[in-house]
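# Structural overview for review
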Amino acid sequence: MKIIILGAPGAGKGTQAELISKSLSIPIIATGNIIREAIKNNDELGKIAKAFVDLGKLVSDDIIIEIIENRLQKEDCKGGFILDGFPRTIPQAQALDSIKIEIDKVLNIKVTDDEIIKRMSGRRVCEKCGSSYHLEFKHPLVENLCDNCQGALIQRKDDHPDTVKERLKVYHQQTEPLKDYYIKQGKFIEIQGQNDVSKTTELIFEKLGLQYDNS
Ligand code: AP5
């Protein structure tokens, strides 16, 4: 299955992508994680992207499109994938269509701006693999350590409240129009994000027509 997950910053895209990925054994391609890794390594992409990310702005379409086009050619994407954080603009969606990869479903996770601001302040991420946790809603098994790779959990710089407000503004202006784009293609499904990770997952699996094993 080839899935796009849409939603405002902090809507739970990364959290749900991890659960779907485990269940379907397909990779997650998260542009935010790719960019953060590049910033950490201070490589060419990282140097360009850092200022945009720190201000809550989008990195330019041509850079992101090239990254995704290359990534989707890799062998592990042949059996399906989850796109988290891409596309984020209409030109990015058009670029994806132009490389003739047929997306099956576009899932939108709906969460109010007030709830987003609450969630972002409690988010902690693994500095090694990028997995997402929350001080209140999603604890790791061992305090401050990632369940997947035992990396340290840190707060993202762009989770500062002013940057979150800017990211929400950018989301409403540039990313929300994608809903209509995919409604017209007949691929759009939407769920209301719940204040509970597994309830949200249940709704998503139901919409995708999949069995959810919560054990
Ligand atoms: P990116 O990393 O993609 O950030 P984002 O879209 O703003 O999304 P987040 O990762 O912040 O949130 P999420 O929806 O994954 O939520 P999460 O699961 O962590 O992008 C970062 C930056 O990179 C962008 O600002 C931009 O500069 C650049 N960029 C990336 N892609 C780009 C592109 N295509 N084009 C141009 N620029 C690009 O959940 C959030 C928190 O809530 C967590 O703590 C989690 O544990 C908790 N939580 C999750 N679900 C629930 C629930 N149901 N109930 C309670 N808490 C929950």
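Residue numbers restart at each chain and count upward from 1, following the sequence in its written direction. The predicted nature of this model means local features are confined to residues of pLDDT at least 70 and side-chain atom pairs, given and counted, to a pLDDT of 80 or more, with totals for whole chains, interfaces and linings taken over all residues. For side-chain calculations, the full set of non-hydrogen atoms in the structure is used, while hydrogens and water are omitted.

## Observations regarding the pattern of salt bridges
- Counted as salt bridges are all cases of a side-chain nitrogen of Lys or Arg within 4 Å of a carboxyl oxygen of Asp or Glu. Within this structure, the stated rule accounts for 15 salt bridges.
- In this structure, Arg167 engages Asp158 in a salt bridge whose closest nitrogen and oxygen atoms are separated by 3.6 Å. As far as burial versus exposure is concerned, Arg167 and Asp158 are alike and both buried.
- For the salt bridge of Arg167 with Asp159, the shortest nitrogen-to-oxygen distance reads 3.1 Å.
- Three or more residues are tied together by salt bridges with common partners; here these are Arg123, Arg156, Asp158, Asp159 and Arg167. Burial status follows relative accessibility: with a 1.4 Å probe on protein chains alone, a residue under 20% of its type maximum counts as buried, one over 50% as exposed, and anything between as partly exposed.

## Observations regarding the nonpolar core
- Remark: nonpolar core denotes a set of buried residues (Ala, Val, Leu, Ile, Met, Phe, Trp, Tyr, Cys) joined through side-chain atoms within 4.5 Å. Among the nonpolar cores identified, the biggest contains 28 residues, and Ile4, Leu72, Phe81, Leu83, Leu96 and Tyr182 are the most heavily contacted of them.
- Only strand E1 (2-7), helix H2 (31-41), helix H3 (44-55), helix H4 (61-72), strand E3 (81-84), helix H5 (90-98) and helix H8 (178-184) provide two or more residues apiece to this core.
- Here this core takes five residues from H4, the largest share from any one element.
- Any two residues whose heavy atoms approach within 4.5 Å are treated as being in contact. Excluding anything up to four places from it in sequence, Leu72 contacts Ile29, Cys77, Phe81, Leu83, Leu96, Ile99 and Ile101.
- With 21 residues, the next largest nonpolar core counts Ile3, Ile5, Ala17 and Ile20 among its residues. We count a stretch as a helix when DSSP gives it H or I for four or more residues in a row; a strand needs E for two or more, and each element gets its number in order from the N terminus.

## Remarks on the packing of H2 against H3
- To get an axis, a line is fitted to the C-alpha atoms, and for a helix only the part in contact is used. The angle between two axes follows their N-to-C directions and goes from 0 to 180 degrees. For the pair H2 and H3, interaxial distance at closest approach is 8 Å and the crossing angle is 115 degrees. Taken together, the axes of H2 and H3 are roughly perpendicular relative to one another. H3 is crossed by H2, and the crossing has left-handed handedness. Facing Ile34, Ile35, Ala38 and Ile39 of H2, the residues of H3 in contact are Leu45, Gly46, Ala49, Lys50 and Val53.
- Under the grouping applied here, Gly and all other residues not named as nonpolar or charged are polar, the nonpolar ones being Ala, Val, Leu, Ile, Met, Phe, Trp, Tyr, Cys and Pro and the charged ones Asp, Glu, Lys and Arg. Looking at the contact of H2 with H3 residue by residue, the class counts come to seven nonpolar, one polar and one charged. Put simply, angles under 35 degrees are roughly parallel, angles over 145 are roughly antiparallel, angles from 65 to 115 are roughly perpendicular, and the rest are oblique. When the near helix sits turned anticlockwise from the far one by under a right angle, the crossing is termed left-handed; a clockwise turn instead gives a right-handed crossing.

## Section: H5
- When H5 is considered as a whole, its buried residues turn out to be Gln92, Ala93, Ala95 and Leu96. Each buried residue of H5 lies within a common arc of 160 degrees when the element is viewed along its axis, so the set occupies one face.
- Residues of H5 that are buried make contact with E1, H4, E3 and H8.
- Positive phi shows up at Lys100, right after H5, with a value of about 60 degrees. An arc is given here, and it is the one of the directions from the helix axis to the C-beta atoms.

## Concerning the state of the cysteines
- Disulfides are defined in this document as cysteine sulfur pairs within 2.5 Å. With the rule as written, the count across this model stands at zero disulfides.
- For Cys77, which is in no disulfide, the shortest distance to another cysteine sulfur is to Cys129 and amounts to 18 Å.
- The closest cysteine sulfur to the non-disulfide-bonded Cys126 is located on Cys149, 3.5 Å from its own sulfur.

## Topic: the packing of aromatic side chains
- When two rings of Phe, Tyr or Trp (its six-membered ring) have centres within 6.5 Å they constitute a pair, described as stacked for plane angles under 30 degrees, edge-to-face for angles over 60, and tilted for the intermediate range. As enumerated under the stated definition, the model contains one aromatic pair in all.
- With a centroid separation of 5.1 Å and 80 degrees between ring planes, the pair formed by Tyr181 and Tyr182 is classed as edge-to-face. Considered together, Tyr181 and Tyr182 belong to a single accessibility category, that of buried residues.
- Only when the NZ atom of a Lys or the CZ atom of an Arg is both within 6 Å of the ring centre and within 35 degrees of the ring normal do we say a charge sits over the ring. A cation sits over an aromatic face here: Lys138 above Tyr133, 4.9 Å from the ring centre.

## Focus on the side chain of Thr200
- Position of Thr200 among the secondary structure elements: in helix H9 (residues 197-208).
- Setting aside anything within four residues of it in sequence, one finds Thr200 in contact with Gln16, Ile191, Gly193 and Gln194.

## Description of the site of the ligand
- Neighbouring residues are identified by heavy atoms, a residue being near a molecule or strand if any of them is within 4 Å of it. Taken together, 37 residues sit near the ligand, with Thr15, Lys57, Arg88, Tyr133 and Arg167 positioned nearest.
- Between Gln92 and the ligand, the recorded distance is 2.9 Å, taken from a side-chain N or O atom to a nitrogen atom.
- The term polar contact refers here to a pair of N or O atoms within 3.5 Å; inside protein, the definition further demands a hydrogen-donor-capable atom paired with an acceptor-capable atom, and it admits residues adjacent in sequence only when both atoms are side-chain atoms. At 2.6 Å from a nitrogen atom of the ligand is found a main-chain nitrogen or oxygen belonging to Gln194.
- Summarising the interface, the protein chains cover 98% of the accessible area of the ligand, which totals 1,000 Å² for the free molecule. Surface accessibility in these figures is a Shrake-Rupley result with a 1.4 Å probe; residues are shielded only by whichever protein chains are displayed.

These figures come from the coordinates and say nothing about function on their own.
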